Amino acid sequence: DTDGTEVKTRVATRVFHPLPDWRVLRSDTDRKPLITYQFDETLGWHISVTLENVEDVRTTVPVPVAIYDGNPDLDDDNTPDAAADLLGELMVMPDSWIKGDPLTPVGSDDSRLRESDTPLNTYWLGTGTLRTTLDTGRHVLFAWIDPPSEDGGGTLEESDRRDNIDAVETLVAEARVQ
């Protein structure tokens, strides 16, 4: 350098590996979380949850999502309460994730674009289902992605766990099917 002092440095290469950040996808039209209770001929009555990974990294592991009827963390300690009404746990499998693309055609020879609740979403989207039958009446369904264990930690590495819980209110009415 200019004052005659020699400075030696090492070159360090750092490779940044982003972690996923999962959250419940919200509809672009009404901003409600995509947690639905629905009937399908194959699955019967079930709860379906669609997640988005807001980091541009593939999900290579099953992502557990616990489904509760009512708030599972009334004491706000970031762990499920012992009295929480756990309906079950679903898994969003690695092969269910697709990259959102608003310009994806319906079919390979079709010029129409695919309809979606989130037409402008370009994140990775994955869906899982939990077979269950709810009683008639009002339910507040909570989806907790990778819920913390008793020690407070989740099982999967993630960049932001603060957005891992969301809820939607649903009304289950009696229906007569013929």
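Quick notes on the rules
- One numbering rule holds for all chains: residues counted from 1, following each sequence as written.
- Owing to the predicted nature of the model, reporting of local features is limited to residues with pLDDT of at least 70; listing and counting of side-chain atom pairs is limited to 80 or more, with chain, interface and lining totals taken over all residues.
- Values shown for side chains rest on all heavy atoms present in the structure; no hydrogens or waters enter the calculation.
- Here, any two strands with at least 2 DSSP bridges between them count as paired.
- Here a strand is any run of E in DSSP of at least two residues, a helix any run of H or I of at least four, and the numbering for each starts at the N terminus.
- For helices, the fitted axis covers only the stretch in contact; all axes are lines through C-alpha atoms, and the angles between them, taken along N-to-C directions, range from 0 to 180 degrees.
- Criterion for a salt bridge: a side-chain nitrogen of Lys or Arg within 4 Å of a carboxyl oxygen of Asp or Glu.
- Residue exposure (1.4 Å probe, protein chains only): buried if accessible area is under 20% of the type maximum, exposed if over 50%, otherwise partly exposed.
- Only the six-membered ring of Trp is used, alongside the rings of Phe and Tyr, when aromatic pairs are assigned; centres must lie within 6.5 Å, and planes under 30 degrees apart are stacked while those over 60 apart are edge-to-face, with the rest tilted.
- None of His or the chain ends enter the tally, which takes Lys and Arg as positive and Asp and Glu as negative.
- The definition of a polar contact used here is a pair of N or O atoms within 3.5 Å, where within protein one atom must be able to donate a hydrogen and the other to accept one, and adjacent residues in sequence count solely through side-chain atom pairs.
- Should any heavy atoms of two residues lie within 4.5 Å, those residues are considered in contact.
- Buried Ala, Val, Leu, Ile, Met, Phe, Trp, Tyr and Cys residues form a nonpolar core when they are joined through side-chain atoms within 4.5 Å.

S.K.: Outline the sheet that holds strand β8 (residues 137–145), supporting the account with residue identities and numerical values.
M.R.: An order of β5-β4-β8-β9 is seen for the 4 strands of this open sheet, with the pairing classed as antiparallel. Bordering the open sheet on either side are β5 (86–92) and β9 (165–172), each of which pairs with just one other strand. Adjacent strand axes in the sheet meet at a mean angle of 25°, parallel and antiparallel pairs treated alike. Two strands pair when backbone bridges link them, and strand β4 (residues 63–69) and β8 are joined in this way by 5 bridges, in the antiparallel orientation. Looking across to β8, one finds that Y68 is bridged to F142.

S.K.: Lay out the pattern of salt bridges in plain terms, naming residues and giving numbers.
M.R.: As enumerated under the stated definition, the model contains 7 salt bridges in all. The partner of R161 in a salt bridge is D146, and the shortest N-O contact between them spans 3.1 Å. A residue pair is termed long-range when its members are at least 10 positions apart, and R161 in the loop between β8 and β9 and D146 in the loop between β8 and β9 qualify at 15 residues. Among the ionic pairs, E158 bridges to R161, the shortest N-O distance being 3.7 Å. For E158, a relative accessible area of 10% translates into the label buried. Its relative accessible area of 31% is what places R161 among the partly exposed residues. Among the charged side chains, a network of salt bridges with common partners joins D146, E158 and R161.

S.K.: Can you lay out the pairing of β8 for me, pointing to particular residues and giving the numbers?
M.R.: Taken across its 9 residues, β8 has 7 buried, putting it largely inside the fold. Here 8 bridges tie β8 to β9, and the two strands are oriented antiparallel to one another. Bridge pairing in β9 places R138 opposite L171.

S.K.: Describe the packing of aromatic side chains, with residues and values.
M.R.: Applying the stated criterion to the full structure yields 3 aromatic pairs. Their ring planes at 20° and their centres at 4.9 Å tell us that Y37 and W45 sit as a pair that is stacked. Among the residues examined, Y37 registers a relative accessible area of 15% and is labelled buried. Here W45 falls in the partly exposed class, since its relative accessible area comes to 39%.

S.K.: I'd like to hear about the side chain of D73, residue by residue, with values.
M.R.: Relative to the helices and strands, D73 resides in the loop between β4 and β5. Although D73 lies buried, it forms no salt bridge, and the closest oppositely charged side chain, R161, sits 11 Å away as judged by the N-O distance. Within polar-contact distance, the side chain of D73 engages the backbone nitrogen of N78 at 2.9 Å. Beyond its immediate sequence surroundings of up to four residues, D73 is in contact with N78, T79, D81 and W144.

S.K.: Give a detailed account of the nonpolar core, specifying residues and quantitative values.
M.R.: Where a protein is soluble and globular, its nonpolar side chains tend to be buried together. Within the largest apolar cluster, 22 residues are counted, with the highest numbers of intra-cluster contacts made by I35, V49, L51, V63, V65 and I67. Breaking this core down by element, the ones donating at least two residues are β1 (22–24), β2 (35–40), β3 (44–53), β4, β5, β7 (124–131), β8 and β9. Look past the residues within four positions of V63 in its chain and what remains in contact with it is W22, L51, L90, M91, V92, W97, I145 and L156.

S.K.: Give a detailed account of the environment of L34, specifying residues and quantitative values.
M.R.: With respect to the helices and strands, L34 occurs in the loop between β1 and β2. Given the relative accessible area of 15%, L34 is considered buried. Sequence-wise, L34 and V49 are 15 residues apart; in three dimensions their C-alpha atoms are separated by 5.9 Å.

Geometry only, nothing functional implied.
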